[in-house]
Amino acid sequence: MKIKLLELKFVLLVFLFTAVSTQSFFAQQRFNLVGTVVDKAGESIIGANIKLKEEQKGTITDLNGKFSLQVFKNAQIVVSYIGMEPQTLKVVDNKPLYIVLEASAQSLDEVVVIGYGQSTKRDLTGSMSKVNIDDITKAPVPSVTDALGGRIAGVSVTSPDGQPGAAANIVIRGSNSLTGDNSPLYVIDGFPLENAQLNATPPEDIESIEILKDASATAIYGARGSNGVIIITTKKGKVGKPTVSYDGSFGMQKVTKLVDVMSPYEFVRMYNEVEPVLAQSRYFINGLTLDSYKDIAGTNYQNEIFREAPMHSHNIAVRGGTEATKYSVSLNYMDQKGVMVNGGFKRMQGKFVLDQEITKKIKAGINVGYVQSDTYGSTPSEFGFKAETYIMTDVWGYRPIGTGGEDISEGATDPDDLPTDLRFNPVLNIKNIYNDKLNNNLSANVYIDINFNKYLKLRSTLGTNISIYKNSEFYNSNTKRGNPRLSNPEGVNGQVIYNENNTWLNENIMTYNRKLNKNHKIIVMGGFTAQSANSSSYGSRAINLPYESLGLSGMDHGKPQLITAKTSEWTLASFLGRVNYDYKSRILFTASMRADGSSKFPTENKWSYFPSGSVAWRIGEENFVKNNFKSISDLKLRISSGVTGNNRVGDFAAFEQMAGTYYYNGNTYDAIVPASLANKYLKWESTRQDNIGLDLGLFAQRLTLTVDLYNKVTNNLLLNSQIAPSTGYRFAMKNIGKVANRGVELTINSVNIKTKNFQWTTNFNISFNKNEVLELSEGQHSYSSSPNGTSGTSFSPNMYIAIVGQPMAQMLGYVWDGVYQYSDFNVTPTGAYVLKNDVTCNSPSRTNVVQPGYVKFRDLNGDKIINTSDLTTIGNPFPIHIGGFNNTITYKGFELSAFLQWSYGNDIYNGNRDIFESGRLTYKNMNHFATFANRWSPDNQTGVFPVARGDYEGNYASTRSVEDGSFLRMKMASAGYYFNKKIVKSIGLSKLKLYISGTNLFTLTNYGGYDPEVSAIKNALIPGFDYSTYPRARTFTVGVNAEF
Amino acid sequence: MKTYNNIIKTLFLLLVLVFTSSCEDFLTTTPTDFISPENFYNTETEADMAIAGVYLSLNDLYKDVFKNGFSASTDETVYTYGGSANPMIIKTFDATTPDVYNIWSKLYLGVYRSNAFLKNINKLDVDSVKKNAFIAEARFLRGYYYYHLAMLFGDVPLRLEPIESPINTDLARTPREVVFDSVCADMKFATEHLYTYTLQKGAPVRACKEASTGVLARVYLSMAGVLNKPEYYAKALEILLPLVSSQTIKLNPDYTQIWKNISADTYDHVSKEIMFDVEFNADPYKYLYSGWASNVAPAAPTGGTYNSNDRFRVTTTFWQYYQSDKNDVRYNWNIADYNYNTTDVKTPKAAYTTNGSNATDRNPGKFRRDWEVALPRDPSKNGANFPILRYSDVLLMLSEAENEVNGPTDVAFAALDSVRSRAKAFKYSDLPIRPSQEELRTIIREERSRELCFESTTRYYDLIRWGIIFDKFTEVGNTLKQLGGTNGSNWANKLYFVLKPQHILFPIPQIEMQLNSKMTQNPGY
């Protein structure tokens, strides 16, 4: 019995021991390791491989990116996924791992954001481009759009001039719309905004930018997709311990170029030729002769108003989280002083992003951002009812010296000016202008993701965007617009206008993603969205303010003027659907359809349907390629076609509107008049686009090439078109006209050299676009526009023209034929010069007194007189091709990068020359460009420009002011150094980069104005016009990126 | 879990259904910022505002193209500005001339506004007298706009309904006579239903019965001449006689006071001589200023407080009209005997020392700026109203119609002399031998110029309806040439030998030709 008990005890003991020792043995040898694999954006990676390095053992991640694996301590595991850089880790303990895989360069599996979803480069069937954020932000820029130019084929980015805070004009694959808006639709964190203010998003906060170009990509945005779509995704929280990152930079900006103006000597010499009698009493007094003025320096006002201006920006962010909770908090501050005194751009932003897993199947998140941006100071290209009212007109045109050579740079107005003269001391004016554009923007989005099962997922979002824009202007008595004088009966004046825009959006998108078997994969997406916006604008203006020192607060004491009060709203409801089908990863089909209903259109035209279809054949996966062309790593042919729309018309353009005011017999009656005609047939503008593209990858994607050919035809243009005036209207909103854009785009990316320590990459892109007007209103052959609008007080009223069969904008004018020479005249017995009968006279009536040295134009119809029949197209503002060329070299921690941008074959109308190289009586008291010294005179018969007073006194355009706007610009160069990890760690950081960079380093161009990248007028019909623009600055920056 | 899924699926479906059914409501928005005809014309005040809008076209026309372009290069004034000249004035216009388009489109805008008013006014719930008075105002204005279209362009598209949409708007021309008939029909209705001057609120800016009668008489006289139908003189006489004998409207006893009132922007509701005028307001921010002041007032240096552009001088021909009676107060009023020689308002004006010998150096002086109350004077604008119909015109029309129908009767002389005696000129009825019918015709033609000179289209239309425009042009041109000097022959060549017979009708604007496929061009363009 005792033995039995003992036996039992032993057995038990052994068992226990065995159990314990087994336990301890196993604990030492193998244990269960769990972990999660995600990509850079924090999205789980499904199907990533986890392998033990030493043995043939491994697993793959599940739907949530999770895995579990029996491992030894100190075992090495390799985590890999196609298109991602593999990672090797050493297992230290059994704490759950969180592994972030980075996409490998130029990978086909790089994740790209598409409309209402995600895809990979491999699976794309349409034409879209992902912007390499790291590349474009190597030199700090206030707004990403400043850096986007030349980076992406088919995307033309033109900033109007160098004004800080000025929004760049982005046109994708050519302008479609004549009188409508041609800017793309912006989708920021899923929120589509037609009037997005891109300078409100700090570049440091942007995770990715995708540009959708062809209809296959954009048709899912239906009625708003025809100008292309730019999707911006901001940074989110990442799993891991909190990382604090700081990006800071400090830069100095300086204008790249000044325009030479006349010295006092040259000015007086010219004045003496324009107005010899007055010149005697003004300049040749007190014993002064012309030569005396050679010793007077005078004032060049450009030196007074331009400065070296600092720019600095700071971005601090804390990002981190667990698998269940991810967060990101960021703060940004940017302060850019303008190179023109008393102006600049400032921005502050705070942002909070939270993603939370609620249950295994439900995830939710919130994204809240608040931005305040402030643009202030003079805007040279604004306020232009007449040439003399612009800022730069005074800067160039104010006299360098006054009567008798005195210094007039201190006084408010030129003492010799008539009281009606508009000119004003530019320095005083610019220093005293108060023009402040303050924008407060709050955006808040919440979403919920529900995974019903492995295949079916619903995402529902609710978002709002509230923007309050305040424009305050105050003109004190030291400003041109506020100085009380005869030409300014308004005296000291000011205005404040508030604009409020509220948009809300609800989207509900269901996605079904299933691999049916080895060969068939299908993704079905469907949903509906509703968006609504209301806007209001309230403000007032007052003139003759008696208490100047009160500033805008004194507006209540002034004489009240127009009160602004406007409200409007629109709504949009949409149903959308898309099917992607993938056969053996070789043939890919995408079909999409969107139905949009808009409040802007009358009942019968409210709804419209925008279909698209595309197919891609991955030829590179076919055996005949795989076997015969080993160097080809990818070859894909894409064909797409689809229809998109444009609804950029007034919210109530289809309604008959009544408006007006009339004072009447002493009693104030508002007079109400029909102001615009109802058009119950108004509908969407629709654009049909066909695209053929080819993607080629060679040498394991070291060299990739993308070519796209497109043909885009826009029909039923929403055109504010002319109608027969006998109807009682001159213009009405109609769907009329047709515009085509055809083009080719080529992008080449190459990793030229790649060794362990050294890498050299090159990116190149070029795009050609040809724009053509196919139709205008019935019977209409052309459509004219002028920078001045129709009133045209300083520039020709039909300076720009859209002609059927030609581009939508060309410059129209006379062909300049130099000047009349003595040989063109007969001399009468009294010594007078009379134009020979066989010589063309530069005006409609031959009785006009043409004299030697007068401006001469070419007679095109042979009637020997110059009139409107001699007008011809004299310039094409559209480039033949544009592009960019970028090189980056890294060696160990060093990084060098240089980016060239160009535009070739476009003309610019340099309106400045019409005024400052004219020598007209009208502008006699204004200084001129130094170039005008080379004018015709009896002593200088080879002079290029007309004799003083020999220019035509009227508004006309001629080839004289048309210049080649081609340029090649070193837009950006930077040199950076990533400190060695060990050093970085020793000072408590995890990453440290220091860099210096420069933008606008040099520009090769023949253009004579400040800068060839110019388009002063925001109108698709008047591109490439330069008058009184803000010069562009060259910027040198030092900066730091640090993480800890 | 399955139940849970089902709940969500159901909710989702429900949401879709709710959303779809309310979609049409969601997509229907109502304008909040502007008035639509649908929500207007409901009260009398709204109707007042809407009819004010129909008058607004007059303002557009008279502040711009109608202000002085027509009196220049008639026998009254010559355009002497050295710079580039308006083609309307020097008669070099063609279909692309901006002012041809402006006149055409502004008149048709007035027509459209009248038509839109007439279409919508039916909604107004007031008694028939009031409603008919509103209709009468709109028809008066429509008639007035078509009168100018017919006079200037001949056959024109006749639209008596507003267009509903910008699609399919082509319309062919209607014969001139039919257009005139439509004008008469509108004016007759207006005459019947308009309030009298005394009862019409806002007269003379708002049309009254008397004004409508006078304008209808003007239309009849034009028809008699232009359509070559003398029977219309009798029709004019038929309506003018009762108007004059009713004595409801009188002449202002002082000719100069009319223009002083205009300058001061005040009304003479006692005599009511100005029966109909165009309202302007000095406030430049309402854009209702009148721009003619600076062009047809006595010359003044640029930059001064009076500023006149000095673009017109009176012709020798016109100067001659006053030589028969230099006591006529209109002589030195309408032909300024001075100019402003300084920018300073306090400095006295410079009087001309020579009269006659340098007649062509004298500016029109009818519209003077001395009495303006809105100070400081804007150099190029003022708020003075512009007269469209004065009682003296009515009297002269009566005299003319009577002379054409019944010869040089007492009635004809009485009307003529009442206008002359007001101006302190001798009376023709006092002459020992009274003029014959033919002589009286010439006298009236000159008298109309003496009295009504520079008043927009009046003289131009008179010369056209009498069929003497070419004779007059040649006469003026030759006088100018005889005057000699560079100026004389330059102006003469520039102005008076350019017009060709076919240019009596303006060209149809190019844009109308392009956009209205049923339109045809007037001959000679």
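Scroll up to find the structure this text is about.
Throughout what follows, the structure given in this document is the object of discussion. (Residues numbered from 1 in each chain as written. Chains lettered and ligands numbered in written order. Predicted model: local features only at pLDDT ≥ 70, side-chain atom pairs only at ≥ 80, totals over all residues. Heavy atoms only, no water.)

### Observations concerning the overall build of chain A
Operational definition: Helical segments are the DSSP runs of H or I of at least four residues, strand segments are the runs of E of at least two, and each set is numbered from the N terminus. Atoms counted for the radius of gyration: C-alpha only. Globule rule: 2.2 Å times the number of residues to the power 0.38. The rule is simple: take the accessible area with a 1.4 Å probe, protein chains only, and divide by the maximum for that residue type; under 20% is buried, over 50% is exposed, in between is partly exposed. We call two residues in contact whenever any of their non-hydrogen atoms come within 4.5 Å of each other. Neither His nor the chain ends is counted toward charge; the positive residues are Lys and Arg and the negative residues Asp and Glu. The atom standing in for a charge is NZ when the residue is Lys, CZ when it is Arg, CG when it is Asp and CD when it is Glu.
On a plain count of helices and strands, chain A comes out with 12 helices and 55 strands. Radius of gyration (C-alpha) of chain A: 34 Å, near the 31 Å computed for a compact globule of 1044 residues. Projected onto its principal axes, the C-alpha positions of chain A cover 155 × 70 × 65 Å. Within chain A, buried positions represent 55% of all 1044 residues. For chain A, the share of sequence-separated contacts (at least 6 apart) that also reach a separation of at least 24 residues comes to 69%. Looking at charge distribution, chain A has the averaged site of its 104 positive side-chain charges lying 11 Å from that of its 93 negative ones.

### Regarding the overall build of chain B
Spelled out, the test is: Residue exposure ignores everything except the shown protein chains as possible cover, and the areas themselves are Shrake-Rupley values with a 1.4 Å probe.
Of the regular secondary structure elements, chain B holds 19 helices and 6 strands. Long-range pairs, those at least 24 residues apart, make up 73% of the contacts in chain B with a sequence separation of at least 6. Counting only carbon and sulfur atoms, one obtains 54% of the accessible surface of chain B, whose full area is about 19500 Å².

### Focus on empty space enclosed by the protein
Vacant regions in the atomic arrangement are exposed by a probe of water-molecule size rolled over the atoms. All names here are of chain A. Inclusion rule: In this analysis, the protein atoms alone were mapped onto a 1 Å grid. Cavities are point sets where a 1.4 Å probe fits without being able to get out; pockets are open sets with protein on both sides within 12 Å along at least five of seven lines; lining residues have an atom within 4 Å of a point. Grid points are joined across faces, edges and corners, and a volume is the space filled by probe spheres set on the points. Put simply, Ala, Val, Leu, Ile, Met, Phe, Trp, Tyr, Cys and Pro go in the nonpolar bin, Asp, Glu, Lys and Arg in the charged bin, and everything else, Gly too, in the polar bin.
Taken as a whole and judged by the stated rule, the model has 11 cavities of 30 Å³ or more. Size it by volume and the largest cavity reaches roughly 530 Å³. Elements with a minimum of two residues in the lining of the largest cavity: helix H3 (144–148), strand S11 (155–158), strand S52 (967–978), strand S53 (991–1005) and strand S55 (1033–1043). Classifying every residue of the lining of the largest cavity by side-chain character gives 16 nonpolar, 13 polar and 7 charged.

### Things to note about the interface of chain A and chain B
What counts is decided by this rule: Here the quantity called buried area is the accessible surface, traced with a 1.4 Å probe, that two parts lose on coming together, added over both. Definition used for salt bridges: Asp or Glu carboxyl oxygen within 4 Å of a side-chain nitrogen of Lys or Arg. Definition of a polar contact: a pair of N or O atoms within 3.5 Å, with one able to donate and the other able to accept a hydrogen when the atoms are protein atoms, and with sequence-neighbouring residues admitted only if both atoms are side-chain atoms.
Between chain A and chain B, the contact holds 72 residues from the first and 68 residues from the second. Both sides of the chain A and chain B interface together cover about 6400 Å² of buried area, and 67% of this is carbon and sulfur. Scanning the region where chain A abuts chain B turns up 0 salt bridges. Seen at the junction of chain A and chain B, the total is 7 residue pairs in polar contact (both at pLDDT 80 or more). It is strand S26 (residues 559–583) of chain A that contributes the most residues to the side of chain A that touches chain B, 10 residues altogether. A breakdown of the residues in the side of chain A that touches chain B according to their chemical character gives 37 nonpolar, 24 polar and 11 charged.

### A word on the packing of aromatic side chains
Spelled out, the test is: Centres within 6.5 Å make a pair out of two Phe, Tyr or Trp rings, where for Trp the six-membered ring is used; the pair is then stacked when the planes are under 30 degrees apart, edge-to-face when over 60, and tilted otherwise.
Per the counting criterion, the structure on display carries 61 aromatic pairs over all chains. Plain terms: the ring middles of Phe764(A) and Phe885(A) are 6.1 Å apart, the flat faces sit at 75° to each other, and that makes the pair edge-to-face. Here Phe764(A), found in strand S39 (residues 758–775), pairs with Phe885(A), found in strand S48 (residues 881–891); they are 121 residues apart in sequence, far enough to count as distant. Of the residues examined, Phe764(A) reaches a relative accessible area of 23% and is grouped as partly exposed. Taking 6.4 Å as the distance between ring centres and 10° as the angle between the ring planes, the aromatic pair formed by Phe140(B) and Tyr144(B) counts as stacked.

### A closer look at the pattern of salt bridges
With the rule as written, the count across this model stands at 74 salt bridges over all chains. Taking the shortest distance from any N to any O, the salt bridge between Asp291(A) and Lys294(A) comes out at 3.5 Å. Where Asp951(A) meets Arg920(A), a salt bridge forms, and the shortest distance between an N and an O atom there is 3.5 Å. Taken as a pair, Asp951(A) in the loop between helix H11 (911–916) and strand S51 (962–964) and Arg920(A) in the loop between H11 and S51 lie far apart in primary sequence, 31 residues in all. Taking relative accessible area as the criterion, Arg920(A) reaches 5% and is therefore assigned buried. It is possible to trace a salt-bridge network through shared partners that takes in Glu273(B), Asp328(B), Arg330(B), Lys366(B), Arg390(B), Arg420(B), Arg422(B), Glu446(B), Glu447(B), Arg450(B), Glu451(B) and Glu455(B).

### A closer look at the packing of helix H6 (residues 176–193) of chain B against helix H7 (residues 209–226) of chain B
All names here are of chain B. What counts, and what does not: Axis definition: a line fitted to C-alpha atoms, over the contacting stretch in the case of helices. Angles run 0 to 180 degrees between N-to-C directions. If an angle is under 35 degrees, it is roughly parallel; if it is over 145, roughly antiparallel; if it lies from 65 to 115, roughly perpendicular; otherwise it is oblique. A crossing counts as left-handed when the near helix is turned anticlockwise from the far one by less than a right angle, and as right-handed when that turn is clockwise.
Contact pair H6 / H7: the axes reach a minimum separation of 9 Å and the direction vectors enclose 160°. Here H7 runs roughly antiparallel to H6, going by the angle between their axes. H6 and H7 meet at a crossing whose hand is left-handed. For the pair H6 and H7, the contacting residues are Arg176, Phe180, Asp181, Val183, Cys184, Met187, Lys188, Ala190, Thr191, Glu192 and His193 in the first and Lys209, Ser212, Thr213, Val215, Leu216, Val219, Tyr220, Met223 and Val226 in the second. Residues that form the contact of H6 with H7 fall into these classes: 11 nonpolar, 4 polar and 5 charged.

### Describing the environment of Trp319(B)
When you line up the elements, Trp319(B) lands in helix H11 (residues 316–321). Between the alpha carbons of Trp319(B) and Phe40(B) there is a distance of 53 Å; along the sequence they are 279 residues apart.

### Quick notes on the packing of helix H13 (residues 391–406) of chain B against helix H14 (residues 410–422) of chain B
Residues and elements named next belong to chain B. Following both chains from N to C, one finds H13 and H14 inclined at 150°, their axes separated by 7 Å at the closest point. The angle between H13 and H14 places the two elements in the roughly antiparallel class. When you trace H13 past H14, the crossing you get is left-handed. Of the residues in H14, those in contact with Ser392, Leu395, Leu396, Leu398, Ser399, Glu402 and Asn403 of H13 are Val411, Ala412, Ala415, Leu416, Ser418, Val419 and Arg422. The class makeup of the residues in the contact of H13 with H14 is 8 nonpolar, 4 polar and 2 charged.

### Some thoughts on helix H5 (residues 264–274) of chain A
Think of an α-helix as turning once every 3.6 residues; residues three or four places apart then point the same way. Residue and element names in this part refer to chain A. For H5, the tally of buried residues reaches 8 of 11 residues, placing the bulk of the element in the interior. For H5, every residue scored as buried is listed here: Pro264, Tyr265, Glu266, Phe267, Val268, Met270, Tyr271 and Val274. Buried residues along H5 sit against helix H6 (276–282).

### Description of the nonpolar core
Applied cut-off: Here the nonpolar core consists of buried residues drawn from Ala, Val, Leu, Ile, Met, Phe, Trp, Tyr and Cys, with membership extended through side-chain atoms lying within 4.5 Å.
Membership of the largest hydrophobic core comes to 129 residues, with the highest contact counts inside it found for Leu58(B), Tyr62(B), Ile103(B), Phe153(B) and Phe276(B). Ranked by residues supplied to this core, first place goes to helix H5 (residues 128–153) of chain B with 15 residues. Setting aside residues up to four positions removed in sequence, Ile103(B) forms contacts with Leu61(B), Val65(B), Phe66(B), Phe70(B), Met88(B), Leu152(B), Phe153(B) and Phe506(B). In this structure, Met392(A), Tyr398(A), Leu719(A) and Ile915(A) belong to the second largest nonpolar core, which totals 55 residues.

### Description of a negative patch on the surface
Residues and elements named next belong to chain A. The condition is simple: Like charges within 9 Å and nonpolar side chains (Val, Leu, Ile, Met, Phe, Trp, Tyr) within 5 Å are joined into patches, using only residues over 30% in relative accessible area that form no salt bridge.
Negative charge collects at one region of the surface, where Glu304, Glu406, Asp407 and Glu410 lie side by side. Following the sequence through the fold, Glu410 ends up in the loop between helix H8 (391–397) and helix H9 (426–432). The exposure class assigned to Glu410 is exposed, which follows from its relative accessible area of 64%.

### Let's talk about the sheet that holds strand S7 (residues 97–101) of chain A
All names here are of chain A. Just so we agree on the cut-off: Here the rule is simple: two strands pair whenever DSSP picks up at least two bridges between them.
Read from one edge to the other, the open sheet built from 3 strands follows the order S4-S1-S7, with strand pairing classed as mixed. At either margin of the open sheet sits one strand with a lone partner, and together these are strand S4 (66–71) and S7. Taken pair by pair, the neighbouring strands of this sheet meet at an average axis angle of 35°, ignoring direction. Bridging between strand S1 (residues 31–39) and S7 involves 5 bridges; their strand directions are parallel.

### Here's the deal with helix H3 (residues 44–62) of chain B
Residue and element names in this part refer to chain B. What counts, and what does not: By this rule, a helix spans an expected 1.5 Å times one less than how many residues it contains. The angle between axes fitted to the seven residues ending at a residue and the seven residues starting there is what we call the bend at that residue.
If you check H3, its first and last C-alpha atoms are 27 Å apart, about what 19 residues at 1.5 Å a residue would give, namely 27 Å. Along its length, H3 reaches its greatest deviation from straightness, about 30°, at Val54. Most of H3 sits inside the fold, with 17 of its 19 residues counted as buried.

### A closer look at the pairing of strand S19 (residues 325–337) of chain A
Residues in a regular strand project their side chains so that they alternate between the two faces of the sheet. All names here are of chain A. Two elements, strand S18 (residues 309–321) and S19, share 11 bridges in a ladder whose sense is antiparallel. Pairing of Ile316 across the sheet is with Leu331, part of S19. Where S18 folds back onto S19 in an antiparallel hairpin, the turn is made up of 3 residues. In this structure, S19 lies alongside strand S20 (residues 344–357), joined through 13 bridges in antiparallel fashion.

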